[in-house]
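In case you want the letters, here they are:
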Amino acid sequence: MAVVTLHVDGMAVAVPAGAPLLQALTAAGVTLPTLCHHPRLSPVAACRLCLVELEGAPRPVPACVTAAAEGQRLATDTPALRQGRRLIVELLFAEGNHPCAVCVADGDCELQDAAQRVGMDRVTVPYRHPPRQVDASHPLFLLDHHRCILCSRCVRVCDEIEGAHVWAMAERGGRTRLIAGLDQPWGAVDSCTSCGKCVAVCPTGALVTREDVPLSPWPGP
Amino acid sequence: MLIEVLHQRQQQHGHLSRDTLAAVARQLQLPPAEVYGVASFYHLFRLQPPTPHRCGICFGTACVLRGAAALAADQEQRLGVRRDDPAGDGVWSLETISCIGACALAPVLLIDGVPQRTVAP
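Residues numbered from 1 in each chain as written. Chains lettered and ligands numbered in written order. Predicted model: local features only at pLDDT ≥ 70, side-chain atom pairs only at ≥ 80, totals over all residues. Heavy atoms only, no water.

### Some remarks on the overall build of chain B
Then, number 1: Along chain B, the regular secondary structure elements total 5 helices and 4 strands.
Then, number 2: The linear arrangement of helices and strands in chain B, starting from the amino end, is α-α-α-β-α-α-β-β-β.
Then, number 3: Within the span of chain B, comprising 121 residues, buried residues form 34% of the whole.
Then, number 4: Summarising the internal contacts of chain B: among those between residues at least 6 apart in sequence, 56% fall at separations of at least 24.
Then, number 5: Of the roughly 6,900 Å² of accessible surface on chain B, a fraction of 54% belongs to carbon and sulfur atoms.
Then, number 6: If you average the places of the 10 positive and of the 10 negative side-chain charges in chain B, the two averages end up 3 Å apart. (Helix = DSSP H or I, 4+ residues; strand = E, 2+ residues; numbered from the N terminus. Buried < 20%, exposed > 50% of the residue type's maximum accessible area, 1.4 Å probe, protein only. Contact = heavy atoms within 4.5 Å. Areas by Shrake-Rupley, 256 points an atom, 1.4 Å probe, with all protein chains shown as cover. Lys, Arg positive; Asp, Glu negative; His and termini not counted. Charge placed at Lys NZ, Arg CZ, Asp CG, Glu CD.)

Structure follows, in structure tokens:
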């Protein structure tokens, strides 16, 4: 496979041609906060946290879906990018309902980690406080829409790896929400195999294992 | 393909019920969640049965500039229904729509899909 050389913040790195720029960043030892990206899932460039400046490009490009090419020069930590990243995280916090102090994911949350990484000490945009629901219809897991950031990892893992395709995004714009089946209670969707992959990939506390149900040993096939 | 079938079903039934969407998913061998996701994404697909009469107000740029918001508020009061509540009062419902290309008539008000000559309220 052809190898290309490019510069990440001035450091020369070599990656396979066409690999996502994110791979070049990793090779250069640069880790950016990412929320929608998952190494085992197709990239969707939804969260925009991995935006980098590419010399010659008119605007920042998402590193997760931009292909590496010979001679590219990337900047990953300019003031504009830092400011943009922080604003994105602030908007995510303002868009849903994310009181970390009372969240089961507190301390184990990629959104919280991202906020710390970008230095978000407060939210400068108005909170929306959207009225949202909690879906506790599944016997093992819980879906709390308040904490969902619509990264679509669960949609992709269920489609691409489990093959059950329980999840999808419904509606659009500010009303976009995660749905199970035909907008049914999760527990009523018979294609769900209760595999828990969606829970495993959820970056926040939107999909969690229920704590009120004791886990019983797998009864066998 | 999915969108064409959804259009066809909506023409047949007036709206896309859950049963219709489930049938479409089976017919096209698509995940139900994806079918619902697409149907709910587009405003032109109705997921609830339409009221016998419908009042639409265009919220395109020209219409907004010519007072569409005030017109909508006025109609909300007159009809006694909430905007974009597909159930309305059982007879009338009021929906906001995107530009229909009749900007010369702005603000555009449609009764049962027919643009009316209106004046700004």
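Additional details are given in the paragraphs that follow.
### Focus: the pattern of salt bridges
All names here are of chain A.
Then, number 1: Applying the stated criterion to the full structure yields 14 salt bridges over all chains.
Then, number 2: Notably, a salt bridge pairs D77 with R82, separated by 3.1 Å at the nearest N-O pair.
Then, number 3: The partly exposed category is assigned to R82, whose relative accessible area is 42%.
Then, number 4: A salt bridge links K197 to E162, with the nearest nitrogen and oxygen atoms 2.6 Å apart. Taken as a pair, K197 in helix α5 (residues 197–201) and E162 in helix α4 (residues 153–162) lie far apart in primary sequence, 35 residues in all.
Then, number 5: What makes E162 partly exposed here is its relative accessible area of 26%.
Then, number 6: Counted as one network, the salt bridges with shared partners bring together R86, E90, D121 and R122. (Salt bridge = Lys/Arg side-chain N within 4 Å of Asp/Glu carboxyl O.)

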